Amino acid sequence: MTAPVAQRRVRISRVAGRFLVFDIDDVVYIRRHHGICAVLTGTMPQNPTQNLFLGLPVELQAEEAQLLVDKGVGYVADELSEHLSLLTSADDTARKAYLQHLKQLRRNAQLAFEEEKANIQAKHQAKRKVAAKPAKAAEGEPSSSSTKPATDSESTSLPDTTCVVPKSPPKESLPAITPTTSSALISVTPSAAATEPPVPSSSPSYLLYRFLNSRGYYFTPGLRFGGDWSVYPGDPFRYHAHYLANYYGWNEEIPMLDLVTSGRLGTAVKKGFLFGAQKPSPAGGEVSDTPKQDSANQGGEVRVFCIEWAGM
Amino acid sequence: MVISDHLEALTKIVLHNLRYQHDWVEVHQYTKPELPRPMIYGLPPKRLYVHPDEQVAIIRAEKETGQRIEPEPELEWVLPLHLSEKWTPGQFAALFDAIDSIPPGGPDPDSFDLDDPASQWKLWQGPKRGKRVLLATVQDDSTVTYYWIFDGLVKPRQN
């Protein structure tokens, strides 16, 4: 199980400035191995105002996307430019392969339709049999004999009428579909074109995010508790959030009222208010002299503080 | 260290508030060159903070001995602040670096018996105690609010 996981590279699609993951295996992988649960945002096409039971794609925060890029397990693909260039520059074989893929999708759809049709027919027939049996038992011999010819005539007459209709040419008629993904079109490997990072690696939000993520904390957006993030001690499926968190720069001034209000709010929802920052590394050197520490300790130390109401 | 009038007044307000409104005893000012302003430490009438893991240890000890344990009050640090102030994370870090977890006059962390299974819960008053400071925020109407600030990741209490 570990071997395929090690090679996995998560495709993060940048669409209109948002970072989306469309592959369910990628979603499971980053949740399980990198502590990123992110937010499901997909609605059904028929119901764009849906706000419950959302599905793929998963939308990553910029910090989460940056972390995957930094760890080398993901890459950001600019979907608009990539799709355009792939569609215009595809050579003949690639083009044919793509068209073949579309045809296969349509065939699959056809098979699915037929299967469903057969299921429905089988169900109807079963129902008819159940309905016919008690009727037979109640009425006895004569009635059953009277119904039989009727069904016989039906079955014989129907093929006759269909035969009148001129036969359609024996061409494969497949249903039209709109492909839900363009997985066959896009390359599996990241394109060489360098994309700008989701967030600068030195931004305060990213530094605090990386620090807490490396300690096993999970994040969800924090608006519902009045902060930048809600921070969970493990997967949010299993735990309540421990903290509501805000990030600041090392030398950013925080009004005392912000600390008091957030601390008060946090205590009211049984959470601590967490804030923190990374100390800028001395002499501007990016790499610290400590040789082999986890990646979260690049640069200066990260200091975090928790605030709670004192109850007095 | 030269203390400005404003800081002196601020410290006095908090000191009096602790002494006369919250019945603290042994309240003292604490100055140190590394500290940007005088701090206060003192003894509250009852225990102000119980770490969630300390609570677990206490309940365990209560179960073993069959006796109720009432945690004794501990000496606490207090930082007087005015509501109009703005502090940076860097300043808070420097403040925590300048103090010990236990204020002067408290128990010596080295005097605890680390191996005695019956007194594990007591370690939270000594070596296991993290750095914490009461932020005493003063407003102009002389309201003082008290909030804990902890150094590092400290999980919230199960209140």
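It should be emphasised that the depicted structure is a prediction, and the values quoted were computed from it without experimental measurement.

Draft legend 1. Layout of the overall build of chain B. When helices and strands are counted, chain B shows three helices and six strands. Going from the N terminus to the C terminus, chain B shows its helices and strands as α-β-β-α-β-β-α-β-β. Projected onto the principal axes, the alpha-carbon positions of chain B cover approximately 55 × 30 × 25 Å. Residues classed as buried in chain B amount to 50% of the 159 residues present. Counting only contacts in chain B whose residues sit at least 6 apart along the sequence, the fraction spanning at least 24 positions is 67%. Of the roughly 8,200 Å² that chain B leaves accessible, carbon and sulfur atoms contribute 49%. Within chain B, one finds 17 positive and 24 negative side-chain charges whose respective centroids are separated by 4 Å.

Draft legend 2. Just the interface of chain A and chain B, in detail. Each side of the interface is counted separately: chain A has 36 residues, and chain B has 35 residues. Summing both sides of the interface, chain A and chain B together bury roughly 3,000 Å²; the carbon and sulfur share of this comes to 66%. Counting the surface chain A buries against chain B, the share from its top three residues, Met256, Glu308 and Met312 of chain A, is 27%. If you look at where chain A meets chain B, you find three salt bridges. Our enumeration of links across chain A and chain B arrives at 13 residue pairs in polar contact (both at pLDDT 80 or more).

Draft legend 3. Local environment of the confidence of the model for chain A. Here chain A shows a mean pLDDT of 79. Residues at 70 or above account for 77%. Note that pLDDT drops below 50 for residues 284-297 of chain A; the model gives that stretch 10 contacts with residues more than four away or on any other chain.

Draft legend 4. Quick look at the UniProt feature "domain: TSEN34 N-terminal" (unreviewed entry) in chain A. Within the UniProt annotation, "domain: TSEN34 N-terminal" (unreviewed entry) is assigned to residues 10-78 of chain A. Secondary structure content for residues 10-78 of chain A is 30% helix and 36% strand, while the C-alpha to C-alpha distance between its ends is 14 Å.

Draft legend 5. Spatial organisation of the confidence of the model for chain B. With 97% of its residues at a pLDDT of at least 70, chain B reaches an overall mean of 89. Both scores are given for the predicted complex: the pTM is 0.76, the ipTM 0.90.

Draft legend 6. Highlighting the packing of aromatic side chains. Residues and elements named next belong to chain A. What the rule picks out here adds up to 18 aromatic pairs over all chains. With centroids separated by 6.2 Å and ring planes inclined at 55 degrees, the aromatic side chains of Tyr209 and Trp229 adopt a geometry described as tilted. With Tyr209 in helix H7 (residues 204-214) and Trp229 in strand E7 (residues 229-232), the pair connects residues that are 20 residues apart, well separated along the chain. In terms of burial, Tyr209 and Trp229 fall into one category: buried.

What counts, and at which threshold
Residues numbered from 1 in each chain as written. Chains lettered and ligands numbered in written order. Predicted model: local features only at pLDDT ≥ 70, side-chain atom pairs only at ≥ 80, totals over all residues. Heavy atoms only, no water. Helix = DSSP H or I, 4+ residues; strand = E, 2+ residues; numbered from the N terminus. Buried < 20%, exposed > 50% of the residue type's maximum accessible area, 1.4 Å probe, protein only. Contact = heavy atoms within 4.5 Å. Areas by Shrake-Rupley, 256 points an atom, 1.4 Å probe, with all protein chains shown as cover. Lys, Arg positive; Asp, Glu negative; His and termini not counted. Charge placed at Lys NZ, Arg CZ, Asp CG, Glu CD. Buried area = accessible area lost by both parts, 1.4 Å probe. Salt bridge = Lys/Arg side-chain N within 4 Å of Asp/Glu carboxyl O. Polar contact = N/O pair within 3.5 Å; in protein donor to acceptor, adjacent residues only side chain to side chain. pLDDT = per-residue confidence, 0-100. UniProt positions renumbered as here; feature names shortened; annotations may be inferred. Phe/Tyr/Trp six-rings, centres within 6.5 Å; stacked < 30°, edge-to-face > 60°.

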